[in-house]
Amino acid sequence: MNVIEQMLARYPAEERRHAMREVMQEIALAGLQRAGFFDRAAFYGGTCLRIFHGLPRFSEDLDFSLLKSEDGFSLKPYFRALSEEFAAFGFEVQITQREKAAPSAVVSAFLKENTSIYDVQVAGQRLLKIKFEVDTDPPGGFATEEKLLVQPYSFYVKCYALPDLYAGKVHALLFRRWKSRVKGRDWFDFEWYVRHATPLNLKHLEIRARQSGDWQGGVLDQTGFRDMLEARIQTLDIDAARLDVQPFLRTPAQLDIWSREYFLDLLDRVVFCEATR
């Protein structure tokens with residue numbers, strides 16, 4: 001059994017499509033780490049939560065944030081390392097930088113002006129595409145931690161600390177500009193954070209919201225946060241949220257409890273970092 005087969009053996013056969021994408025994501029992280037990318041950047045977002053914290057849903061994209069702003073940053077110097085990493089496991093890749101669509105287009109509906117987007121196409125038994133996003137002008141106020149990945153071999157990845165991952169997710173939950181679509185994955189992740197009593201870094205949320213122009217008031221306190229999220233919950237299309245996240249779950253029945261009342265009850269259970277109480 002080769003390394004790829006060993007990695008795929010962790011998943012049931014019916015999850016093969018999602019499993020292969022996740023294996024490719026882990027190989028990509030290995031290539032970036034080998035090339036020193038995480039000296040300049042940190043991993044965050046839903047895929048980070050999935051791979052390093054056991055979020056029980058699959059995730060599609062790889063999201064990264066530079067540790068500090070860098071005008072003109074490009075991922076191109078890391079293309080060779082990524083290609084060589086995939087080649088070592090028998091895959092050919094094609095990496096292209098994507099031109100961002102107009103601000104109104106869905107694909108860029110929540111992308112910052114300073115976000116670079118790359119498509120990595122992996123050719124094997126079937127063609128897989130993984131989208132990379134790199135925030136080149138990161139908001140401040142976040143912490144990082146080194147997390148161990150043991151497949152395809154052991155290495156460490158610099159990741160956002162959980163309270164700051166949480167803040168990034170809540171920022172998306174509150175301000176994502178999808179007109180007629182609901183990203184149920186945001187709500188699924190919010191539920192996960194609450195169930196695990198993860199403290200929310202409210203200060204980092206405020207910095208993110210100020211940078212995006214979505215918060216222009218005074219200090220964002222717990223009351224302001226709760227008021228905004230309650231208003232968001234009151235308008236949530238529960239059925240649309242379920243439909244969005246179902247394809248990424250092993251047991252969609254866990255969504256049966258979802259309702260506006262349920263999310264309001266979850267809101268009552270949100271805890272905060274000590275420094276932001």
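Throughout what follows, the structure given in this document is the object of discussion. (Residues numbered from 1 in each chain as written. Predicted model: local features only at pLDDT ≥ 70, side-chain atom pairs only at ≥ 80, totals over all residues. Heavy atoms only, no water.)

Observations regarding the side chain of Asn201
Using the following cut-off: A run of H or I in DSSP counts as a helix once it spans at least four residues, and a run of E counts as a strand once it spans at least two, with each numbered from the N terminus. Each residue gets one of three labels from its accessible area relative to the maximum for its type: buried under 20%, exposed over 50%, partly exposed in between, using a 1.4 Å probe on protein chains only. The definition of a polar contact used here is a pair of N or O atoms within 3.5 Å, where within protein one atom must be able to donate a hydrogen and the other to accept one, and adjacent residues in sequence count solely through side-chain atom pairs.
Here Asn201 shows up in the loop between strand 8 (199-200) and helix 7 (202-212). Accessibility expressed as a relative area gives 13% for Asn201, which makes it buried. A polar atom in the side chain of Asn201 sits 3.5 Å from the backbone oxygen of Gly141.

What to know about helix 9 (residues 238-245)
Test applied: It is the directions from the helix axis to the C-beta atoms whose arc is reported. We call two residues contacting when some pair of their heavy atoms lies within 4.5 Å.
Among the residues making up helix 9, those that are buried are Ile238, Ala241, Arg242, Asp244 and Val245. Down the axis of helix 9, the sector holding all buried residues measures 160°, keeping them to one side. Exposed residues lying more than 90 degrees from the buried face of helix 9 are Asp239 and Leu243. Buried residues belonging to helix 9 abut helix 6 (184-195) and helix 10 (260-268).

Re the pattern of salt bridges
Applied cut-off: Definition used for salt bridges: Asp or Glu carboxyl oxygen within 4 Å of a side-chain nitrogen of Lys or Arg.
A complete count under the given rule lists 18 salt bridges for this structure. With a closest N to O distance of 3.3 Å, Lys158 and Glu146 form a salt bridge. Here Lys158, found in strand 7 (residues 155-160), pairs with Glu146, found in strand 6 (residues 144-149); they are twelve residues apart in sequence, far enough to count as distant. A network of salt bridges, in which partner residues are shared, links Arg57, Lys169, Arg176, Asp186 and Asp189.

A look at unusual backbone geometry
A cis geometry characterises the amide bond from Gln151 onward to Pro152, with omega recorded as 5°. Position of Pro152 relative to the elements: it lies in the loop between strand 6 and strand 7. In this model, Ala197 sits at a positive phi of 50°, which is unusual for a non-glycine residue. Within the secondary structure, Ala197 sits in the loop between helix 6 and strand 8.

Remarks on the nonpolar core
Let me state the cut-off plainly: The set of buried Ala, Val, Leu, Ile, Met, Phe, Trp, Tyr and Cys residues whose side-chain atoms join them within 4.5 Å is what this entry labels a nonpolar core.
In terms of nonpolar packing, the biggest core is built from 85 residues, with Met24, Phe43, Phe64, Phe132, Phe190, Phe225 and Trp258 touching the most fellow members. Ranked by residues supplied to this core, first place goes to helix 2 (residues 16-34) with nine residues. The contacts of Phe43, once residues within four sequence positions are left out, are Leu29, Phe38, Cys48, Phe52, Leu62, Asp63, Phe64, Val157, Lys158, Cys159 and Tyr160.

Some remarks on the packing of aromatic side chains
Each pair of aromatic rings is reported with the distance of its centres and the angle of its planes. Inclusion rule: Two aromatic rings from Phe, Tyr or Trp, using only the six-membered ring of Trp, form a pair when their centres are within 6.5 Å; if the ring planes differ by under 30 degrees the pair is stacked, by over 60 it is edge-to-face, and anything between is tilted.
Enumeration according to the criterion identifies 19 aromatic pairs in this entry. Centre to centre, the rings of Phe38 and Phe64 are 6.0 Å apart; their planes meet at 55°, and the pair counts as tilted. One end of the pair, Phe38, is in the loop between helix 2 and strand 1 (41-44); the other, Phe64, is in strand 2 (residues 62-66), and 26 residues separate them in sequence. There is no split in this pair, since Phe38 and Phe64 are both buried.

Digging into the state of the cysteines
Here is the rule: Two cysteine sulfurs form a disulfide in these notes if their separation is within 2.5 Å.
This structure, assessed with the given rule, holds zero disulfides. There is no disulfide at Cys48, and the cysteine sulfur nearest it, in Cys159, is 3.8 Å away. In this structure Cys48 comes out as buried when scored by relative accessible area, which is 0%.

Some thoughts on the side chain of Arg185
With respect to the helices and strands, Arg185 occurs in helix 6. Classification of Arg185 as buried rests on a relative accessible area of 10%. The contact partners of Arg185, leaving out residues within four places of it in the chain, are Arg57, Glu60, Asp244, Val245 and Phe248.

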